[in-house]
Amino acid sequence: MVINQASLKRDGVQDYVSLRATALLMTAYTFFILYVFLSTPEMTYDIWSGLFANLGMKIFTFITLLCIWVHTRIGLWQVLTDYVKNATVRVVLSFILNTIGLAYVVAGLFILWGV
């Protein structure tokens, strides 16, 4: 059996693994932020900006933003293919929603590296 690795089409296994991997990273980020809030007696701006001034935290946050975008793209694709039967409407909605998702990632990137 020949598998075309250069294909842009996705398969179910790739989507499954991508969803689970992104969910694990987003969960780890959520638990880390919860830990910071619960272990800090008083959360001030200085503590919060100091946390995000760390390069490791910026990278972890950016990876989490990318995970949210990938997770959302796969979820949108699944929902739109299930419930929107008109191909033209589905493509337009997919483009608009994916563009909004990309805009969130870009805005998050500017906010994150502006701290």
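Residues numbered from 1 in each chain as written. Predicted model: local features only at pLDDT ≥ 70, side-chain atom pairs only at ≥ 80, totals over all residues. Heavy atoms only, no water.

Structural notes on helix H4 (residues 87-113)
Phase 1 of the analysis: Compared with the 39 Å implied by 1.5 Å per residue over 27 residues, the 38 Å span of H4 between its first and last C-alpha is a close match.
Phase 2 of the analysis: For H4, every residue scored as buried is listed here: Asn98, Gly101, Val105, Gly108 and Leu112.
Phase 3 of the analysis: Its side-chain oxygen placed 3.0 Å from the backbone nitrogen of threonine 88, asparagine 86 serves as the N-cap of H4. (Helix = DSSP H or I, 4+ residues; strand = E, 2+ residues; numbered from the N terminus. Expected span 1.5 Å × (residues − 1). Buried < 20%, exposed > 50% of the residue type's maximum accessible area, 1.4 Å probe, protein only. Polar contact = N/O pair within 3.5 Å; in protein donor to acceptor, adjacent residues only side chain to side chain.)

Notes on the packing of aromatic side chains
Phase 1 of the analysis: Taken as a whole and judged by the stated rule, the model has four aromatic pairs.
Phase 2 of the analysis: With 6.3 Å between their ring centres and 65° between their planes, phenylalanine 32 and phenylalanine 60 make a pair best called edge-to-face. A residue pair is termed long-range when its members are at least 10 positions apart, and phenylalanine 32 in helix H1 (residues 12-39) and phenylalanine 60 in helix H3 (residues 55-83) qualify at 28 residues.
Phase 3 of the analysis: The partly exposed category is assigned to phenylalanine 32, whose relative accessible area is 31%. (Phe/Tyr/Trp six-rings, centres within 6.5 Å; stacked < 30°, edge-to-face > 60°.)

Brief notes about the nonpolar core
Phase 1 of the analysis: Formed by Tyr29, Ile33, Val36, Leu51, Phe52, Met57 and Leu112, the largest nonpolar core amounts to seven residues.
Phase 2 of the analysis: It is H1 that provides the largest number of residues to this core, a total of three residues.
Phase 3 of the analysis: Sequence-distant contacts of valine 36, that is, excluding residues within four places in its chain, are made with Met43 and Leu51. (Core = buried A, V, L, I, M, F, W, Y, C linked by side-chain atoms within 4.5 Å. Contact = heavy atoms within 4.5 Å.)

Regarding the packing of helix H2 (residues 45-53) against H3
Any two packed helices are characterised by the angle at which their axes cross and by the distance between the axes.
Phase 1 of the analysis: As a packed pair, H2 and H3 sit with axes 5 Å apart at the nearest point and diverge in direction by 80°. In terms of orientation, H2 and H3 fall into the roughly perpendicular class. Taken together, the residues of H3 that come into contact with H2 (itself represented by Leu51, Phe52 and Ala53) are Leu55, Met57, Lys58 and Thr61.
Phase 2 of the analysis: Class assignment for the residues of the contact of H2 with H3 results in five nonpolar, one polar and one charged. (Axes fitted to C-alpha atoms, helices over the stretch in contact; angles between N-to-C directions. Parallel < 35°, antiparallel > 145°, perpendicular 65-115°, else oblique. Nonpolar A, V, L, I, M, F, W, Y, C, P; charged D, E, K, R; others polar.)

Describing the environment of leucine 97
Phase 1 of the analysis: Following the sequence through the fold, leucine 97 ends up in helix H4.
Phase 2 of the analysis: Expressed as a C-alpha distance, the spacing of leucine 97 and leucine 76, which sit 21 residues apart in the sequence, is 8.0 Å.

So, the packing of H3 against H4
Phase 1 of the analysis: Here H3 crosses H4 at 170°, and the two axes come no closer than 10 Å. Accordingly, the angle class assigned to the pair H3 and H4 is roughly antiparallel. Within the contact between the two elements, H3 uses Leu55, Lys58, Thr61, Phe62, Leu65, Leu66, Trp69, Arg73, Leu76, Leu80 and Thr81 and H4 uses Arg90, Leu93, Ser94, Leu97, Asn98, Gly101, Leu102, Val105, Gly108, Leu109, Leu112 and Trp113.
Phase 2 of the analysis: Each residue belonging to the contact of H3 with H4 can be placed in one class, and the counts come to 14 nonpolar, six polar and three charged.

Section: the environment of arginine 73
Phase 1 of the analysis: For arginine 73, the location among the structural elements is in helix H3.
Phase 2 of the analysis: With a relative accessible area of 36%, arginine 73 lands in the partly exposed category.
Phase 3 of the analysis: In the structure, arginine 73 is positioned 29 residues away from leucine 102 in sequence and 9.8 Å away in space, judged by C-alpha atoms.

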